[in-house]
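Here is what each chain is made of, one letter per residue.
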Amino acid sequence: MRPLIELQDVHRTYRIGESTVHALRGVSLTVRQGEFIAIMGASGSGKSSMLQILGLLDNPDSGEYRIAGQSVNTLSDDEQAGVRNNVAGFVFQQFHLLRRMSVVDNVRLPHIYGGLKGDFRREAEARLALVGLEHRMHHTPNQLSGGEQQRVAIARALVRDPIMIFADEPTGNLDTKNSAEIMNILKGLHEEGKTIIMVTHETDIAAYAERVITMRDGVIVSDEKRKGGDRKGTAAAEAPFALHAGEKKGSLWKSGGFGGFMAQAFQSILANKIRSLLSVLGILVGVASVIAMMALGEGARLAMQEQLRSMGSNLLSVRGGSAKIRGAAQGAGAVARFTMRDVEAIAALRSLVKNATGVVSGNGQVVYENNNWSTNLEGAGYEYGLMRSAVPTVGRWFTREELQTRAKVAIIGVTVARELFGSANPVGRTVKINRINFKIIGIAPAKGFSGPRDEDDVVIVPLTTAMYRVIGKEYLSGIFVEVSSPERIEQAKTAIDGLIRKRHRLQEDDDTFNIRDMTEIQQMLSSTTETMSMLLGSIAAISLLVGGIGIMNIMLVSVTERTREIGLRKAIGARKSDIMLQFLVEAVGMTLSGGIIGVATGVGVSLLLSFFAGWAVKTSLYSIILATLFSVMTGLFFGLWPARKAAELKPVEALRYE
Ligand code: ADP
Ligand code: MG
């Protein structure tokens, strides 16, 4: 019959700096299924080293290890983890229970790494009943006595129905009474057919076994059978088993274990509330300030846009003359001359054009009593008032009727009003403009300077009055067009350009008129916004970097702190990717919570600002999604190294870590 376990001339040396310790110096051993073996020997004789190799927690430097005839020390780390999970159960002197989890969760932990679906609560309960602890299921390990903890550990070792149980000094930390209880459980398991290999240095504990192996200085010095030898062994020896479970490929994502991972991650985050909060503070503050500032920036941008619109951001100005030569065109009369017909035709482009008005400009000599002022005279259409925000707040705009009848009414700019009237109210007075009497009906709202030009040094009269009574021009100086929406400006320009070329029979390349818009102002505004968002972006980057480093730091601490936990998880079958995932989920869980609290804080702060300071704010969904996404990325990026570090730990070394 094929033996279950075969060790052949196994060597193991440990290197500590310069010196090497030969823990195993050529050990050969054969174990059949169903045996109960005690390994004895003085401290330092190599008992644990051999047990760790048998349990696949460690690999020999030379020699061969076969389970059921299959060589296993050449398997990859993850494959060995699978074998451990599948066929081995471990009981350690220090119990190695995870203290944050309830007893039942501890017992079913190996199932997370088993790749099978289900929550396995029933299995865990059954094993706890077996060790007489079903009534302590929901307690945490530190509410139990040492003996009880070791019984929980045995229940955990049994939950996957392993064929072998490895126990390293299982009673080493227990008193006589508890030791006896544990040994009776192990004996019972042996009678059920489990193969048990136990390390002990106490003779009365070894007495429970049916075969006692004694070691000295890394070699086996005696191997004796007791109590009728392999009496039990033969019956159980036939039981078939597989090293790997059939479909153990399934990743945690598929196996439904991922939910368990999330729960575990949050359990561990919550277990260190203050620490977790402090470590996500950087991310929290960063995200909050970015959200608040983006809301403010967006609010300011919208407010500016609104203001710009009221000033006429959708305005086009169509003028005769080349676009290349600013002002009037030079040369052989190459200037398009516009009439009211052109205005009407442009206004008829209904989907693109909201309003159109012609203007003429000229010089105006304004006289009131003894005061004389030379200013710009603007003849304007009725729509001009609204389009250019020239409707007076003091007085009124002229009516359509006044426009038709070429009425002699005028609206003056504040500069003109000041020069001619000082502080007196000019509305209702009569002035002479180019020696014609005009009645002043309003004062145009102040506009300030545009470049070197004083926009308030102006007199506005009805277009018809200007053309036919004052200046005597037949043609318009220009046409103002209000486009229906800012997005249509380019479209409108093209349409108007085509229309004018058609009406005036101009060639494509005739350069006798030009259409200008306010894009310069808009460009300026958008570049301001760009600078601002770059500034915000760098603040975000810096705070996320700092926050991320904080997370990395705390994750590294966490990995160190939980080295033994990692070792235990690996011992019961966690693969590298499982450990990696656990720590990544934890890091992302932290940064994501920080991000979400940060978003909430940021929104809160911007609402407070708008409420108390009256600032315009606009929180965009985009910034929220971006911030959340970034906090997740930060967690992934900065969690990666600690997670890798954890995943690379060797099970034995991690378990021994103090
Ligand atoms: P036992 O379990 O019989 O007391 P071990 O197998 O633990 O003995 O150790 C055998 C020898 O190997 C001892 O001398 C011990 O100091 C050494 N040893 C064990 N583990 C390590 C290790 N990780 N690094 C260095 N030396 C070790
Ligand atoms: Mg030992």
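Structural notes, computed from the coordinates.

## So, a nonpolar patch on the surface
On the surface, I274, L277, L278, L281, V285 and I597 cluster together into a nonpolar patch covering about 560 Å² of accessible area. Considering each element in turn, the nonpolar patch owes the most residues, five residues, to helix 11 (residues 273-311). When you line up the elements, L277 lands in helix 11.

## Regarding the packing of helix 19 (residues 563-571) against helix 20 (residues 576-613)
Helix 20 packs onto helix 19 with a crossing angle of 140° between their chain directions and a minimal axis gap of 10 Å. With respect to helix 20, the axis of helix 19 lies oblique. Both helix 19 and helix 20 take part in a crossing whose hand is right-handed. In contact with E565, I566, R569 and K570 of helix 19, helix 20 contributes K576, I579, Q582 and F583. Grouping the amino acids of the contact of helix 19 with helix 20 by side-chain chemistry returns three nonpolar, one polar and four charged.

## Some points on the environment of G115
Take G115: it is sitting in the loop between helix 3 (103-112) and helix 4 (121-130). Take G115: its relative accessible area is 15%, and that puts it in the buried class.

## Let's talk about the site of ligand 1
Taken together, 13 residues sit near ligand 1, with G44, K47, S48, S49 and R656 positioned nearest. Between ligand 1 and G46, the relevant distance is 3.1 Å, taken from an oxygen atom to a main-chain nitrogen or oxygen of the residue. The side chain of R656 places a nitrogen or oxygen atom 2.5 Å from a nitrogen atom of ligand 1. Protein chains shield 71% of the accessible area of ligand 1, which is 550 Å² for the free molecule. Contributing elements (two or more residues each) for the shell around ligand 1: strand 1 (5-16), strand 2 (19-31) and helix 1 (47-54).

## Comments concerning the packing of helix 3 against helix 4
Relative to each other, helix 3 and helix 4 sit at 115°, their axes nearing to 9 Å. Crossing geometry of helix 3 relative to helix 4 is assigned as right-handed. In this structure, helix 3 contributes V103, V104, D105, V107, R108 and H111 to the contact, and helix 4 contributes R121, E123, A124, R127 and L128. For the contact of helix 3 with helix 4, the class distribution of residues is five nonpolar, one polar and five charged.

## Quick notes on the sheet that holds strand 5 (residues 70-71)
Taken together, four strands build an open sheet; the order of strands is 2-1-4-5 and the sheet is antiparallel. With partners counted over all chains shown, the strands left at the sheet margins are strand 2 and strand 5, one partner each. Alignment of strand 1 against strand 4 (residues 62-67), held across five bridges, turns out to be antiparallel. Bridge pairing in strand 4 links H11 to S62. Packed onto the sheet, helix 1 meets strand 1, strand 2 and strand 4 and runs at close to 120° relative to strand 1.

## Brief notes about the pairing of strand 3 (residues 36-41)
A regular strand places its side chains so that they alternate between the two faces of the sheet. Within strand 3, six of the six residues are buried, leaving the element largely enclosed by the surrounding structure. The side-chain alternation of strand 3 yields two buried faces, one formed by F36, A38 and M40 and the other by I37, I39 and G41. With four bridges connecting them, strand 3 and strand 8 (residues 195-199) associate as parallel partners. Bridge pairing links F36 to I196 in strand 8. Here strand 3 pairs with strand 9 (residues 211-216) via five bridges, running parallel. The residue of strand 9 that forms the bridge with M40 is T214.

Cut-offs applied
Residues numbered from 1 in each chain as written. Chains lettered and ligands numbered in written order. Predicted model: local features only at pLDDT ≥ 70, side-chain atom pairs only at ≥ 80, totals over all residues. Heavy atoms only, no water. Patch = residues over 30% accessible without salt bridge, like charges linked within 9 Å, V, L, I, M, F, W, Y side chains within 5 Å. Areas by Shrake-Rupley, 256 points an atom, 1.4 Å probe, with all protein chains shown as cover. Salt bridge = Lys/Arg side-chain N within 4 Å of Asp/Glu carboxyl O. Helix = DSSP H or I, 4+ residues; strand = E, 2+ residues; numbered from the N terminus. Axes fitted to C-alpha atoms, helices over the stretch in contact; angles between N-to-C directions. Parallel < 35°, antiparallel > 145°, perpendicular 65-115°, else oblique. Left-handed = near helix turned anticlockwise from the far one by under 90°. Contact = heavy atoms within 4.5 Å. Nonpolar A, V, L, I, M, F, W, Y, C, P; charged D, E, K, R; others polar. Buried < 20%, exposed > 50% of the residue type's maximum accessible area, 1.4 Å probe, protein only. Near = heavy atom within 4 Å. Polar contact = N/O pair within 3.5 Å; in protein donor to acceptor, adjacent residues only side chain to side chain. Pairing = 2+ DSSP bridges.

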